[in-house]
Amino acid sequence: MDEKNIFVIGLDEANVPILESGPGAHRYRFHRLLTIEDLQGGEVSVADLIAKAEGVLDAFEGSVDAIVGYWDFPVSTLVPILSERYGTRSTSLESVVKCEHKYWSRLEQQKVIDEHPRFGRVDLEARDPRPPEGVRYPMWLKPALAYSSELAFSVKDEAEFRAAVAEIREGIGRVGKPFEAILERLDLPPEMEGVGGQVCLAEEALSGVQVAVEGYVHHGEVTVYGVLDSIDYPDSPCFLRHQYPSTLPEPVIRRLHDVSRRVMRQIGMDGATFSIEYFYDPATDEINLLEINPRHSQSHAELFAYVDGVSNHHCMLSLALGEDPALPYRSGPYTMAAKWYYRWFADGVVHDTPVEEEIERIEREIPGVRIEVVPEKGQRLSQMAQQDSYSFELAHVFTGGDSEQDLRAKYDRCVAALSLIFDATAPDDATAPDGQEETGTGAETETETDAVTDTKRGTERETEMETQGG
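First, a word on scope: everything that follows refers to the structure included in this document. Not measured: the values here are computed from a predicted model. (Residues numbered from 1 in each chain as written. Predicted model: local features only at pLDDT ≥ 70, side-chain atom pairs only at ≥ 80, totals over all residues. Heavy atoms only, no water.)

So, about the pattern of salt bridges. Tallied over the entire structure, the rule returns 30 salt bridges. The salt bridge partner of arginine 85 is aspartate 58, with a shortest N-O separation of 3.5 Å. Taken together, the residues span a long stretch of sequence, with arginine 85 in helix H4 (residues 75–86) and aspartate 58 in helix H3 (residues 46–59) at a distance of 27 residues. You can call arginine 85 partly exposed: its relative accessible area is 45%. A network of salt bridges, in which partner residues are shared, links Glu94, Lys98, Glu108, Lys111 and Glu191. (Salt bridge = Lys/Arg side-chain N within 4 Å of Asp/Glu carboxyl O. Helix = DSSP H or I, 4+ residues; strand = E, 2+ residues; numbered from the N terminus. Buried < 20%, exposed > 50% of the residue type's maximum accessible area, 1.4 Å probe, protein only.)

Here it is in structure tokens:
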């Protein structure tokens, strides 16, 4: 069988072993197309990225059989642009932008579903910007394009609204201007004329349990292959862990499937994967759609491998090659799995991190775990890329187990074994999550956490979460 050359935009080291262990990988050759540094270094120039990618593809002597990616903008939009240029399979650029432009996405959603919050645009050009008519506090403010919750703010009153608008005004050009180069490639509908990429969206805050629905569209048919729970740190909008499969009642799962199918048919996606984030409120039995991602979540890849036996990368690759994208069901070694976010809620400089051999030893000693340390030695936490507005990621810990208690116990052991050390430089009003010890400026400290304490409230399904991220 002929070997297939698959170009992965932004291929990172963490995903290489997952891709290479999937079904059929023996006949795939994976090639990195643009580095993470290319894609995240300062203000993005879409034209420069396209030119650089085309230079690599044009110089390649073999066949270009697929161009794929599993990151948000600009990767998500580069995939259909380059696929059209080189004749590979992809969904349309318009369908991707309908997902990623948060305002356009809401306009499309309201055509076919009611399961979304009240929303509206904030006029950043006004001398005294106000919340949109009918949108009430508490609310979230976010740019039309935002990734990893960057420039997304929870506001509860007018003072917080004004402060958030000031920050968004200052930073929206950096994320919005590159997006406008993408919008120029499309024939926009009347409701999007003049909107552009530098628009601020206000949405009423949601409460309940946050869940993610993953699926794909193949020959026009929408398939949902998994629903995951997203559990926050106590009193925080920041993820503590993603857990698969979801523990929501089956009738709720069926409703999530139905809403997802209606929305993705309206968006017009085909030949691609997607991930939709929702809130389900057990007190009211309401479902509300938070956002649509025009790609599967690479954060969940190992979770599907643990539980179903094959990672969700399989769907992306199969669709790009014109093959059957179906995943096996519950054929993995574990009943459930989780990706944990070990976070710190104050700034600091990393003093010491475990070397690769130490991490490999921990993974050998604790079956069913994989660890990714995020910061590098000597790095200031606030200078890390792709962080939200409220915390810094110290490590990602993947665990597979037979119960939630098993997952938590493995996470506890990993955090204790990592012994991450940094010089804390927290401002006086900085707060740490339950179980983490606050430190004074310049104090060298070893981070400590009791994961069971941190997850106690997050695992209670009736706990109300007052805010949602972007």
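Back to the text.
Pairing within the open sheet is antiparallel, and its 8 strands lie in the order S12-S11-S8-S9-S10-S13-S16-S15. Since the sheet does not close on itself, it has two edges, and those belong to strand S12 (286–293) and strand S15 (369–373), each with one partner. Direction aside, neighbouring strands of the sheet carry axes that sit 20 degrees apart on average. Two strands pair when backbone bridges link them, and strand S11 (residues 272–281) and S12 are joined in this way by 7 bridges, in the antiparallel orientation. Bridge pairing in S12 places tyrosine 278 opposite leucine 289. (Pairing = 2+ DSSP bridges. Axes fitted to C-alpha atoms, helices over the stretch in contact; angles between N-to-C directions.)

Further remarks concern helix H12 (residues 404–418). With 15 residues, H12 ought to run about 21 Å at 1.5 Å a step, and its terminal C-alpha atoms sit 21 Å apart, in line with that. For H12, the full list of buried residues reads Leu407, Arg408, Lys410, Tyr411, Cys414, Val415 and Leu418. Down the axis of H12, the sector holding all buried residues measures 165 degrees, keeping them to one side. For H12, exposure combined with an orientation more than 90 degrees from the buried face picks out Gln405 and Ala416. (Expected span 1.5 Å × (residues − 1). Arc of directions from axis to C-beta.)

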